[in-house]
Every structure is written in C-alpha cells, then in structure tokens.
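Geometric and topological summary
Listed below, chain by chain, are the residues.
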Amino acid sequence: MKIIKAKDYEDMSRKAANIISAQVIIKPNAVLGLATGSTPIGVYEQLIKWYQKGDLDFAEVCTINLDEYRGLKHSDNQSYWYFMQEHFWRHININPENVHVPDGSNLDPVKACKEYDEIIKHSGGIDLQLLGIGDDGHIGFNEPGEAFELETHCVDLTYTTIKANARFFAREEDVPKQAYTMGIKSIMQAKKILMVANGAGKADIVRRAFYGPVTPEVPASILQMHPDFTLVLDEAAAAAL
Ligand code: F6R
C-alpha cells in the first residue's frame, strides 16, 4: 500500500489525475474503472484540462463504472451514467461504445449483474480502478458486512449511504433504495487500485480502513491486501493517521 499525502483537494486531484494519465499514456487502450461521488470530480476536471491541452487521448480507452442505482435510466439526471457524462465523458474524445455502467433500467438483478460481469471479462480486465470511500468504509456500494468474494450484485443501501447521497436529490425519499455494484472480488481483480479521499469527515474511516484490521465490517480494509494499491489523500483526511 502506497500513501501519497496532498496539501488540499486540488493537489489530491492533480496527483491522482497524474497516475491515471500515466496509465493512459503507457497503454492508450487502457481499461479504467471509474467512480462517481463528490471526491473524484476534481480528478475528472484535471484530466479534461490535460485532454484539452492535447496531452491526453481517450480515443481507445474503455471505462467501467463501479455502480448504478437500480431503477434509474441513463437519461435520469440522478443516474450515475448521467453523472459520468456530465463530469467527464462529454468533455473528452472517448468512444460512447466504450463506456460502461451497470444497467439500472434492467430491473432483473440477476440478468443485469451477469451482463455486467460479462462486460468486465470481455474488456480483458481493469487496468486501473479509481475509488472513493464512504463514511462507513464502503467501496462501490459494498456496504459493511458484505462478503469479500462477490462479483457484480444487487444491494440494499444502508440508511447511512441513503442519507449521505440525499445531497444529490431533491428529497431523501427520492434516493433509490437499491443499487447494482461491482463486488469486492471484481474490484480486487483490478491490476492497480487508486483511492482518493479528502476532508476531515473521512479522517476516521481512512484510519480504520488502512491502519485497522482487515474485516468485512470495513469493506475498504481489504485494499490493504491488494498488491498495487495507492491512496491519495489531503491533509484533512490524513489527520488521524
Ligand atoms: C461511487 C461510489 C461510492 C463513493 C463513496 C464516496 O461510485 O462507488 O463508493 O465513492 O460513497 O462518495 P463521496 O466521494 O461523495 O464522498
């Protein structure tokens, strides 16, 4: 596990974007595992800037997102597909056929998850997986207590997650109660994993996840076992280390 401390959010975003950018330069047809949430927005902004300067080319890149709310279509402005489109894809030269998010509009969880696992397999595997961390240690939508050996599956969101995500919706009642997520097994199969964390609110969970025991109660703690895991965090998130 490598820990890179950054001064602030901007510095964290630039350092993480540097790692992703190196991956794309070394392997132009890289498979990037991507995350939504507020933390990676600055990383996407930085990558867009480098693309606009002509330093990055996404023409052959393939992306595979971690998760999607069950019941939301791509066109729904609360869907993770929509989020990715707004914050990243529409600003770069990625081929629309190469971007993947679990199909939230498919209400059959078994089919939707199986199809997604096939997509991951056919991609040849994720070269670099970008992650954020939830206040309770979740990664993707793998909530505390979730088995480590799962691939894509449907989850019931915990109240903590519903409450945390309510900031993106008009009302808390509007937050979907279920999601499709890549499992811990799928995440751990990525060749490289890069996590970003910022702000004082993440300090305690970062300490528990990376300086505590590996346990399903703190899903992110399993990343301690990954052979190529890098955590980039700002001073506030590193305060309890
Ligand atoms: C998003 C995701 C989540 C977030 C986590 C942190 O695709 O998988 O695990 O990474 O909830 O969210 P933020 O960055 O908003 O604190």
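Residues numbered from 1 in each chain as written. Predicted model: local features only at pLDDT ≥ 70, side-chain atom pairs only at ≥ 80, totals over all residues. Heavy atoms only, no water.

**Some points on the site of the ligand**
- What surrounds the ligand is a group of 15 residues, the closest being Thr39, His138, Gly140, Arg167 and Lys202.
- In the environment of the ligand, an oxygen atom lies 2.8 Å from a nitrogen or oxygen atom belonging to the side chain of threonine 36.
- Lysine 202 is positioned such that a nitrogen or oxygen atom in its side chain is 2.6 Å from an oxygen atom of the ligand.
- If the ligand stood free it would expose 410 Å²; the protein chains cover 92% of that surface.
- Residue composition of the shell around the ligand, by class: four nonpolar, eight polar and three charged. (Near = heavy atom within 4 Å. Polar contact = N/O pair within 3.5 Å; in protein donor to acceptor, adjacent residues only side chain to side chain. Areas by Shrake-Rupley, 256 points an atom, 1.4 Å probe, with all protein chains shown as cover. Nonpolar A, V, L, I, M, F, W, Y, C, P; charged D, E, K, R; others polar.)

**Comments concerning the sheet that holds strand E3 (residues 62–65)**
- With parallel pairing, the seven strands of this open sheet are ordered in space as E1-E10-E9-E6-E2-E3-E5. Each having just a single partner strand, strand E1 (2–6) and strand E5 (99–100) make up the two edges of the open sheet.
- The pairing of strand E6 (residues 128–131) with strand E9 (residues 192–197) spans four bridges and is classified as parallel. The residue of E9 that forms the bridge with glutamine 129 is isoleucine 193.
- Against the sheet, helix H4 (residues 109–122) engages E3 and E5, with an angle of about 145° to E3. (Pairing = 2+ DSSP bridges. Helix = DSSP H or I, 4+ residues; strand = E, 2+ residues; numbered from the N terminus. Contact = heavy atoms within 4.5 Å. Axes fitted to C-alpha atoms, helices over the stretch in contact; angles between N-to-C directions.)

**Observations concerning the sheet that holds strand E8 (residues 178–181)**
- If you walk across this open sheet you meet the three strands as E4-E8-E7, and the pairing is antiparallel. One side of each edge strand has no neighbouring strand; the edge strands of this open sheet are strand E4 (67–69) and strand E7 (153–156). With direction set aside, neighbouring strand axes in the sheet form an average angle of 25°.
- Judged from the four bridges that link them, E7 and E8 form a sheet pairing that is antiparallel.

**Considering helix H2 (residues 41–53)**
- The end-to-end C-alpha distance of H2, which contains 13 residues, comes to 19 Å, matching closely the 18 Å that a straight helix rising 1.5 Å per residue would cover.
- Among all positions of H2, only Ile41, Gly42, Val43, Tyr44, Gln46, Leu47, Ile48 and Trp50 are buried.
- In the core, the buried residues of H2 are packed alongside helix H1 (9–26), strand E2 (31–34), helix H3 (80–87), E6 and E9.
- Immediately beyond the C-terminal end of H2, within one or two residues, lies glycine 54, with a positive phi of roughly 95°. (Expected span 1.5 Å × (residues − 1). Buried < 20%, exposed > 50% of the residue type's maximum accessible area, 1.4 Å probe, protein only.)

**Concerning the environment of asparagine 165**
- Along the chain, the position of asparagine 165 falls in helix H5 (residues 159–165).
- If we ignore the near neighbours within four places in the chain, the residues touching asparagine 165 are Tyr69, Tyr80, Phe141 and Val175.
- One polar contact links asparagine 165 to tyrosine 69, side chain to side chain, over a distance of 3.0 Å.

**Topic: H4**
- The terminal C-alpha atoms of H4, which comprises 14 residues, lie 20 Å apart, in line with the 20 Å expected from a rise of 1.5 Å per residue.
- Every buried residue of H4 is accounted for by Ala112, Cys113, Tyr116, Asp117 and Ile120. In a view along the axis of H4, the buried residues occupy a sector of 135°, so they form one face of it. Across from the buried face of H4, at angles greater than 90 degrees, the exposed residues are Val110, Lys111, Lys114, Lys121 and His122.
- Where H4 begins, the capping side chain belongs to aspartate 108, and its oxygen is found 3.1 Å from the backbone nitrogen of valine 110. (Arc of directions from axis to C-beta.)

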